[in-house]
Amino acid sequence: MSGFSGCPGSRMVEFKKEDAPEGTAGVKASSQLRQWPIQLHLISPVAPYFPGADVVLAADCVAFAMGNFHNDYLKGKSLAIACPKLDEGQDAYVEKIKGWFEEAKINTLTVLIMQVPCCRGLVGLAVQALQKSSRKVPVRYVVASLQGEVLQEEWVEQ
Amino acid sequence: MRERRDRAGVVVDRNLSTRQVGEMFEKFQEVDEKFPEAQRRYAAFVGELEEKFLARGAEVVR
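So, how was this worked out
- Residues numbered from 1 in each chain as written.
- Chains lettered and ligands numbered in written order.
- Predicted model: local features only at pLDDT ≥ 70, side-chain atom pairs only at ≥ 80, totals over all residues.
- Heavy atoms only, no water.
- Helix = DSSP H or I, 4+ residues; strand = E, 2+ residues; numbered from the N terminus.
- Rg over C-alpha atoms; globule rule 2.2 N^0.38 Å.
- Buried < 20%, exposed > 50% of the residue type's maximum accessible area, 1.4 Å probe, protein only.
- Contact = heavy atoms within 4.5 Å.
- Patch = residues over 30% accessible without salt bridge, like charges linked within 9 Å, V, L, I, M, F, W, Y side chains within 5 Å.
- Areas by Shrake-Rupley, 256 points an atom, 1.4 Å probe, with all protein chains shown as cover.
- Salt bridge = Lys/Arg side-chain N within 4 Å of Asp/Glu carboxyl O.
- Buried area = accessible area lost by both parts, 1.4 Å probe.
- Polar contact = N/O pair within 3.5 Å; in protein donor to acceptor, adjacent residues only side chain to side chain.

Caption draft 1: Region of interest: the overall build of chain A. What chain A contains, in helices and strands, is five helices and five strands. In sequence order, chain A lays out its α and β elements as α-β-α-α-β-α-β-α-β-β. Computed over C-alpha atoms, the radius of gyration of chain A comes to 17 Å, within 12% of the 15 Å expected from 2.2 N^0.38 for 158 residues, which places it in the range of a compact globule. Its C-alpha atoms put chain A at 50 × 40 × 30 Å along the principal axes. Going through the 158 residues of chain A one by one, you find that 46% of them count as buried. Summarising the internal contacts of chain A: among those between residues at least 6 apart in sequence, 69% fall at separations of at least 24.

What follows is the structure in structure tokens.
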């Protein structure tokens, strides 16, 4: 028994890793971010980079866990980030996501979350917004492990 | 065609990009909106078939 009895999302874990292999150590990956701001509280759902876009809604921790987040998930997409555990005013999040569906008429929404249970709340917000929305949009979610591997990838049933 | 049956029972062509999935979804929706009655009718028809054949399948398994 580990002796930890709190939220699994707050449990301390340390990953012992070798340094990056020589071939990749000096390679600079370019940023695929094409907008600012990115925090869901700060963005307008109808900002010019959202209409018709494939939007990524990522939990705050995801980009740090996934080594290739920019190329694998962000390239060519618009982004918002949020934390379903720590952020306040999440009712506003549902309205903003609904705004993406109805006003910005986004093409798809990909919700990227960590494997910790509290992160599921972000998918829940997207599903709530989808249910309230008059326009349906394909929504998928991707669950990343603490070490950045993709554990699950599903389209949400409409 | 590479495809996979998702948990929700949806067949997904794994070669489609996220953008293509969204564009196809939009086109299907446009057609569904033009023929709302057909959508209801065929959904009911498929539902009946599933009920009938899934029940028969369960009998065969028994």
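Caption draft 2: Here's a closer look at the environment of Val156 of chain A. Residue and element names in this part refer to chain A. With respect to the helices and strands, the residue Val156 is situated in the segment after strand S5 (150–155). Expressed as a C-alpha distance, the spacing of Val156 and Leu130, which sit 26 residues apart in the sequence, is 9.8 Å. If sequence neighbours within four positions are ignored, Val156 has contacts with Val127, Leu130, Val139, Arg140 and Tyr141.

Caption draft 3: Quick peek at a nonpolar patch on the surface. On the surface, a cluster of nonpolar side chains totalling about 490 Å² of accessible area is made up of Tyr42, Phe45, Val46, Leu49 and Phe53 of chain B. Residue position: Tyr42 of chain B is located in helix H2 (residues 36–61).

Caption draft 4: The arrangement of the interface of chain B and chain A in detail. Listed by partner, the interface residues are 14 residues for chain B and 18 residues for chain A. Both sides together, the interface formed by chain B and chain A hides about 1300 Å², and carbon and sulfur atoms give 47% of it. Among the salt bridges present, the one from Arg19 of chain B reaches Asp54 of chain A, with a minimum N-O distance of 2.8 Å. Applying the counting criterion to the chain B and chain A interface returns six residue pairs in polar contact (both at pLDDT 80 or more).

Caption draft 5: Inspection of the pattern of salt bridges at higher detail. Residues and elements named next belong to chain B. Applying the stated criterion to the full structure yields seven salt bridges over all chains. Note that Arg19 and Glu23 form a salt bridge whose closest N and O atoms lie 3.3 Å from each other. Taken together, the residues span about one helical turn, with Arg19 and Glu23 both in helix H1 (residues 18–34) at a distance of four residues. A residue is classified by how much of its surface remains accessible, and Arg19, at 33% relative accessible area, is partly exposed. Using a relative accessible area of 34% as the deciding quantity, one classes Glu23 as partly exposed. With its nearest N and O atoms 3.2 Å apart, the salt bridge here joins Glu37 to Arg40. Of this pair, Glu37 and Arg40 both sit in helix H2, three residues apart, roughly one helical turn. Here Arg40 falls in the exposed class, since its relative accessible area comes to 52%.

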